[in-house]
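# Breakdown of the fold
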Amino acid sequence: MASTQFKPDDAYRDSISTVDAAGKRVWLYPKKPAGRLYRARKWLSYGFLAVLFAGPWLRLNGLPLLMLNLPAQKFIILGQIFWPQDFFILLLATLTFLVFIILFTVVYGRVFCGWVCPQTIFLEMVFRRIEYWLEGDAPQQKALDRRELDWDKLWRKTTKHVLFLAVSFLIANTFLAYIIGSDALVAIVTDPLTAHLGGLAAMVGFTGVFYAVFARFREQVCTIVCPYGRLQGVLLDQDSLGGGL
Ligand code: SF4
């Protein structure tokens with residue numbers, strides 16, 4: 001096994017590149033990716049997005065594929081209903097999954113983060129691609145942000161944020177459908193607004209959260225919020241895939 005001792009050139013691990021010496025956020029302008037692996041990731045993400053958005057509408061045994069209704073304490077996984085008294089099964093499945101994730105990460109590093117995580121898929125394959133489309137590659141984006149506000153900048157920024165809000169609204173609706181079920185979601189959309197004020201508030205709230213995450217918070221989710229991201233510091237070593245980078 002390779003040595004995991006601290007080396008002088010490991011000093012970069014003491015700080016993160018998205019925060020400057022004064023503790024202020026450094027906004028990232030990643031270069032537009034290209035190449036064989038990126039094309040493969042794109043196709044895989046199209047598949048995941050299709051499954052994710054179709055999920056709440058698909059039925060197995062007349063029940064949704066996945067519904068995690070926390071308020072009603074009713075959980076449906078692959079067309080099977082689980083009640084709180086069945087929780088030991090879910091607990092066992094969760095523990096097994098956790099052990100699998102830990103072992104998988106030790107060997108394969110951040111493969112999950114790069115290829116499968118919904119945060120990556122939405123940020124890199126949806127929101128950033130809207131940004132590249134409207135604002136160009138990294139140098140053009142930087143130049144646009146530094147420029148005084150003019151008509152060109154105004155319409156590009158406005159269109160981008162309107163599209164960001166529209167996609168966030170779609171994600172929020174899908175997320176809500178995974179919690180309350182697609183039938184309840186349809187009722188919120190089609191019934192008079194006053195009949196489902198709670199559902200409407202959840203819809204607006206989730207839209208705001210997703211918009212804030214993908215328009216502003218972005219990669220900070222991985223370094224600050226995601227427990228899996230925080231755990232990686234102790235799961236990866238020089239022998240993990242990409243661990244020596
Ligand atoms: S650290 Fe967490 S949020 Fe970030 S890509 Fe990995 S799993 Fe996703």
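Before reading further, recall that the structure is shown in the block above.
A short tour of the structure in this document, coming up. (Residues numbered from 1 in each chain as written. Predicted model: local features only at pLDDT ≥ 70, side-chain atom pairs only at ≥ 80, totals over all residues. Heavy atoms only, no water.)

Next up on the list: helix H5 (residues 138–146). Every α-helix carries 3.6 residues per turn, so stepping three or four residues along brings you back to the same face. Among the residues of H5, Ala 138, Gln 141 and Leu 144 are the ones counted as buried. Across the axial projection of H5, the buried residues extend over an arc of 125°, all falling on one side. Exposed residues pointing more than 90 degrees away from the buried face of H5 are listed as Pro 139 and Arg 146. Packed against the buried residues of H5 are helix H4 (118–135) and helix H6 (151–180). (Buried < 20%, exposed > 50% of the residue type's maximum accessible area, 1.4 Å probe, protein only. Helix = DSSP H or I, 4+ residues; strand = E, 2+ residues; numbered from the N terminus. Arc of directions from axis to C-beta. Contact = heavy atoms within 4.5 Å.)

The strand order across the open sheet built from three strands is E3-E4-E5, with neighbouring strands paired in antiparallel fashion. A single partner strand is all that each edge strand has here, and the edge strands are strand E3 (66–69) and strand E5 (80–82). Adjacent strand axes in the sheet meet at a mean angle of 25°, parallel and antiparallel pairs treated alike. Sheet analysis places strand E4 (residues 74–77) next to E5, joined by three bridges and oriented antiparallel. Each residue of the ladder has a partner; that of Ile 77, found in E5, is Gln 80. (Pairing = 2+ DSSP bridges. Axes fitted to C-alpha atoms, helices over the stretch in contact; angles between N-to-C directions.)

The environment of the ligand is formed by Phe 112, Cys 113, Cys 117, Gln 119, Thr 120, Val 221, Cys 222, Cys 226, Tyr 228 and Gly 229. Its residues assigned to classes, the shell around the ligand comprises seven nonpolar, three polar and no charged. (Near = heavy atom within 4 Å. Nonpolar A, V, L, I, M, F, W, Y, C, P; charged D, E, K, R; others polar.)

The next thing to look at is the packing of aromatic side chains. All chains considered together, the criterion is met by 12 aromatic pairs. Pairing Phe 97 with Phe 100 gives two aromatic rings, centres 6.5 Å apart and planes at 35°, and the pair type is tilted. Residue Phe 97 and its partner Phe 100 are both found in helix H2 (residues 87–108); the two are separated by three residues, about one turn of the helix. Looking at Phe 97, the relative accessible area reads 49%, which means it is partly exposed. Plain terms: the ring middles of Phe 112 and Tyr 228 are 5.9 Å apart, the flat faces sit at 90° to each other, and that makes the pair edge-to-face. One end of the pair, Phe 112, is in helix H3 (residues 111–115); the other, Tyr 228, is in helix H10 (residues 227–235), and 116 residues separate them in sequence. Given the relative accessible area of 27%, Phe 112 is considered partly exposed. Following the ring pairs from residue to residue traces out a cluster consisting of Phe 53, Phe 122, Phe 127, Phe 164, Phe 175, Phe 206, Phe 210 and Phe 214. (Phe/Tyr/Trp six-rings, centres within 6.5 Å; stacked < 30°, edge-to-face > 60°.)

A word on the pattern of salt bridges. A side chain of one charge can pair with a side chain of the opposite charge if their charged atoms are brought near each other. Inspection of the entire model under this criterion finds 11 salt bridges. In this structure, Arg 218 engages Glu 131 in a salt bridge whose closest nitrogen and oxygen atoms are separated by 3.0 Å. In this pair, Arg 218 sits in the loop between helix H8 (197–217) and helix H9 (220–225) while Glu 131 sits in helix H4, placing the two residues 87 residues apart along the sequence. Across the pair, exposure class does not vary: Arg 218 and Glu 131 are buried alike. (Salt bridge = Lys/Arg side-chain N within 4 Å of Asp/Glu carboxyl O.)

This next bit is on H10. Taken residue by residue, H10 has Tyr 228, Gln 232 and Leu 235 as its buried positions. Considered in projection along H10, the buried side chains sweep an arc of 70° and stay on one side of the axis. Exposed residues pointing more than 90 degrees away from the buried face of H10 are listed as Pro 227, Arg 230, Gly 233 and Val 234. Looking at the packing, one finds that the buried side of H10 touches H2 and H3.

Bridge count for E3 against E4 is four bridges, and the pairing is antiparallel. Bridging from a neighbouring strand, Met 67 pairs with Ile 76 of E4. In this antiparallel pair of consecutive strands, E3 and E4, the connection spans four residues, and Gln 73 shows a positive phi of 50°. The hairpin formed by E4 and E5 contains two residues between the paired strands, and Leu 78 there has a positive phi angle of roughly 50°.

That is the geometry; function is a separate question.
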